[in-house]
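These are the residues of each chain, in order.
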Amino acid sequence: GLRGALESLQPSRAVKVTVLGTPAEEEGGGKIDLLQAGAFQGMDAVFMAHPGQEDAAYLPDVAVHDVTVKYYGKSSHAAAYPWEGVNALDAAILAYNNVSVLRQQMKPTWRVHGIIKNGGIKPNIIPSYTELEFYLRASSRKDLLVLQEKVYACFKSAADATGCKVELSSVGHDYDNVLPNKTLARVYQENGNKLGMQFTTNNMVLNSLSGSTDFGNVSFTVPGIL
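None of the values given here were measured: they were computed from a predicted structure.

## Description of the UniProt feature "domain: Peptidase M20 dimerisation" (unreviewed entry) in the chain
Here, UniProt's "domain: Peptidase M20 dimerisation" (unreviewed entry) annotation points to residues 67–159. Note that residues 67–159 is 37% helix and 26% strand, and that its end C-alpha atoms are spaced 16 Å apart.

## Things to note about the pattern of salt bridges
On inspection of all chains with the given rule, the structure shows eight salt bridges. Arg141 is the partner of Asp174 in a salt bridge, and the nearest nitrogen-oxygen pair spans 2.9 Å. On the criterion of sequence distance, the pair formed by Asp174 in the loop between strand 5 (165–169) and helix 5 (182–194) and Arg141 in helix 4 (residues 141–162) is long-range, its members being 33 residues apart. What makes Asp174 buried here is its relative accessible area of 17%. On the accessibility criterion, Arg141 (27% relative accessible area) is partly exposed. Measuring nitrogen to oxygen at the nearest pair gives 3.5 Å for the salt bridge that ties Glu190 to Arg186. On the criterion of helical spacing, the pair formed by Glu190 and Arg186 is a turn pair, its members being four residues apart in helix 5. One network of salt bridges, in which partners are shared, links Lys117, Glu131 and Glu133.

## As for the side chain of Asn87
Tracing the backbone shows Asn87 in the loop between strand 2 (63–72) and helix 3 (88–102). A polar atom in the side chain of Asn87 sits 2.9 Å from the backbone nitrogen of Leu89. Among the polar contacts made by the side chain of Asn87, one reaches the main-chain amide nitrogen of Asp90 at a distance of 3.0 Å. Discounting chain neighbours no more than four positions away, the residues touching Asn87 are Ile126, Pro127, Thr162 and Cys164.

## Focus: the packing of aromatic side chains
Taken as a whole and assessed by the stated rule, the structure comprises six aromatic pairs. On the basis of an interplanar angle of 50° and a centroid distance of 5.4 Å, the ring pair of Tyr72 and Tyr129 is categorised as tilted. A residue pair is termed long-range when its members are at least 10 positions apart, and Tyr72 in strand 2 and Tyr129 in strand 4 (residues 129–138) qualify at 57 residues. A relative accessible area of 34% places Tyr72 in the partly exposed class. With a centroid separation of 5.3 Å and an interplanar angle of 55°, the aromatic rings of Phe134 and Phe155 are classed as tilted. A residue pair is termed long-range when its members are at least 10 positions apart, and Phe134 in strand 4 and Phe155 in helix 4 qualify at 21 residues. The two residues Phe134 and Phe155 agree in class, both being buried. Here the aromatic cluster, defined as three or more aromatic residues joined through ring pairs, consists of Tyr96, Phe134, Tyr152 and Phe155.

## What about the sheet that holds strand 3 (residues 111–118)?
Ordered in space as 3-4-2-5, the four strands form an open sheet in which the pairing is antiparallel. The open sheet has two free edges, formed respectively by strand 3 and strand 5, since each of these has just one partner strand. Between one strand and the next, the sheet's axes are offset by a mean angle of 20°, whatever the strand orientation. Across the face of the sheet, helix 3 comes into contact with strand 2, strand 3 and strand 4 while running at roughly 15° to strand 4.

## Considering the nonpolar core
If you look at the biggest cluster of nonpolar residues, it comprises 26 residues, and the most contacted ones within it are Tyr71, Val99, Val112, Phe134, Leu136, Val151 and Phe155. Mapped by element, the contributors of at least two residues to this core are strand 2, helix 3, strand 4 and helix 4. Examining the composition of this core, we find that eight residues originate from one element, helix 4, more than from any other. When neighbours within four sequence positions are excluded, Val99 is seen to be in contact with Met106, Val112, Phe134, Val151, Cys154 and Phe155. Among the nonpolar cores identified, the runner-up in size contains nine residues, and Phe40, Val46, Val178 and Phe215 belong to it.

Criteria and thresholds
Residues numbered from 1 in each chain as written. Predicted model: local features only at pLDDT ≥ 70, side-chain atom pairs only at ≥ 80, totals over all residues. Heavy atoms only, no water. UniProt positions renumbered as here; feature names shortened; annotations may be inferred. Helix = DSSP H or I, 4+ residues; strand = E, 2+ residues; numbered from the N terminus. Salt bridge = Lys/Arg side-chain N within 4 Å of Asp/Glu carboxyl O. Buried < 20%, exposed > 50% of the residue type's maximum accessible area, 1.4 Å probe, protein only. Polar contact = N/O pair within 3.5 Å; in protein donor to acceptor, adjacent residues only side chain to side chain. Contact = heavy atoms within 4.5 Å. Phe/Tyr/Trp six-rings, centres within 6.5 Å; stacked < 30°, edge-to-face > 60°. Pairing = 2+ DSSP bridges. Axes fitted to C-alpha atoms, helices over the stretch in contact; angles between N-to-C directions. Core = buried A, V, L, I, M, F, W, Y, C linked by side-chain atoms within 4.5 Å.

Here you go:
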């Protein structure tokens, strides 16, 4: 359809259209790998299509950092020799609660959410290993770094309090927030209206914090619209 529209232009213009498959958006950051490999070089503008319940020219997608937290302690019998153990589950619970206490001092645009993936094996065995997974989100990459420092302090202090060792790791890329491009958004909406599209005016959709996407990193390199 885009090719047909371009061919109908008078006078004709030489335009190159690239359809680029970008897997691993939710985990891994496939667009960032492609960006680093030069897949977006020479492009004047990029457009990403994402399914949704409403049409919008821009959504406030935010920066995100994922972290896996692993605590290493020492097993022992919880009834017979509890003093011989170093409880990794205590560290995990403290870490989770530390983050909960931090929420009072978090900015309204900060989000931290996580789960305990591994909490031990049996009730009568003091856990020697626990694992948590957290997502940290903020409205900008700069703000995300501030939030990350505070949350990491929560994880490390839990290890100090329990005598456990802690390991922090991230499995993928950090995603930047999507950089708004008002010109592309305006043109997209104007042409969409001509085609009968109905764009949402819901303030919650347009201005509240949304999810995160690896397209954010692309938007800081090439003008784009999501």
